Amino acid sequence: PGLGIRAAPYAGSVREVSGLAVPIVLSQLSQTAMHVVDSVFVGRLGAAPLGALGFAAIWLWTVGSVFTGTATAVQTFVSQAHGSGDERSCGGWAWQGLWAVVPAAAVSLFAFAAIAEPLWSLVGTSPEIREHALAYTRLRPIGLAGQCVWVVLASFYRGLGDTRTPLAATLVANATNAVLAYGLVLGHLGLPAWGIAGAAAATSISEWVGAGILAAAFLGRGARER
């Protein structure tokens, strides 16, 4: 009640497992699709911006995965509390995840963005690739902090057995990214042409859109009463 979660009529069946797993699989594919969409539009700018996008994304993923990976632990604790009938403590685990992960992620990612230029010079990155990669990297910590919020709250819902709410947030975020990337990378829809920085801005905004949808549901009356 309140979150739209009902007892599974086929508890323990393949049908039940599929009902939980399919939205998770689609969510993961949709998040990958966000980067693919960025690559499609940035690729129209030339080989150097496209190469820089992949280069910067790998570095940012390496740093950010420590925090998004930690955030998924919320699912374990929420599912344990939910399974034992302790509904009241489920929300507490989500708040613990937010306080423990998001500030540390933001500080670490902004610190990485600050040292990226001398670090990439040290490893011998070409000036052209480095310039484009830095334009992308300077904006991405904002969105990656939102991604951590998103993962914490998605893990909260999955711990309750609700995999559809995170999927809905993911689909809306992906649609937002596709529209914004088209506009901000190439200068369409009346938006400025920011090139690879536009891809960073589009993805960052979209990540906060996804996080905002989950936060609205999490802070809604039904979830709070439950």
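What this report covers is the structure whose coordinates are included nearby. (Residues numbered from 1 in each chain as written. Predicted model: local features only at pLDDT ≥ 70, side-chain atom pairs only at ≥ 80, totals over all residues. Heavy atoms only, no water.)

**As for the overall build of the protein**
Argument step 1. The secondary structure content of the protein amounts to 9 helices and 0 strands.
Argument step 2. Over its C-alpha atoms the protein spans a radius of gyration of 19 Å, differing by no more than 12% from the 17 Å that the globule rule assigns to 226 residues.
Argument step 3. Along the first, second and third principal axes, the C-alpha set of the protein runs to 55 × 35 × 30 Å.
Argument step 4. The buried share of the protein, taken over its 226 residues, is 41%.
Argument step 5. Here the contacts in the protein between residues at least 6 apart in sequence split such that 75% fall between residues at least 24 apart.
Argument step 6. By element, 67% of the accessible surface of the protein is carried by carbon and sulfur atoms, the whole surface being about 11100 Å².
Argument step 7. When the 12 positive and 10 negative side-chain charges of the protein are each reduced to one mean point, those points stand 7 Å apart. (Helix = DSSP H or I, 4+ residues; strand = E, 2+ residues; numbered from the N terminus. Rg over C-alpha atoms; globule rule 2.2 N^0.38 Å. Buried < 20%, exposed > 50% of the residue type's maximum accessible area, 1.4 Å probe, protein only. Contact = heavy atoms within 4.5 Å. Areas by Shrake-Rupley, 256 points an atom, 1.4 Å probe, with all protein chains shown as cover. Lys, Arg positive; Asp, Glu negative; His and termini not counted. Charge placed at Lys NZ, Arg CZ, Asp CG, Glu CD.)

**Quick look at the nonpolar core**
Argument step 1. In terms of nonpolar packing, the biggest core is built from 53 residues, with Trp120, Tyr136, Trp150, Phe156, Val185 and Leu214 touching the most fellow members.
Argument step 2. Contributing elements (two or more residues each) for this core: helix H1 (14-43), helix H2 (47-71), helix H3 (73-83), helix H4 (90-122), helix H5 (127-137), helix H6 (140-159), helix H7 (164-186) and helix H8 (196-218).
Argument step 3. Beyond its immediate chain neighbours, meaning those up to four positions away, Leu214 contacts Trp150, Leu153, Ala154, Tyr157, Thr165, Pro166 and Ala169. (Core = buried A, V, L, I, M, F, W, Y, C linked by side-chain atoms within 4.5 Å.)

**Observations concerning the packing of aromatic side chains**
Argument step 1. A complete count under the given rule lists 11 aromatic pairs for this structure.
Argument step 2. Judged by centre distance (6.2 Å) and plane angle (25°), the ring pair of Trp95 and Trp99 falls under stacked. Of the two residues, Trp95 and Trp99 are both situated in helix H4; the distance of 4 residues between them amounts to about one turn of the helix.
Argument step 3. Given the relative accessible area of 37%, Trp95 is considered partly exposed.
Argument step 4. On the basis of relative accessibility, which here comes to 61%, the residue Trp99 falls in the exposed class.
Argument step 5. Ring-pair connections join several aromatic residues into one group, and the members of that group are Trp95, Trp99, Phe156, Tyr157 and Phe218. (Phe/Tyr/Trp six-rings, centres within 6.5 Å; stacked < 30°, edge-to-face > 60°.)

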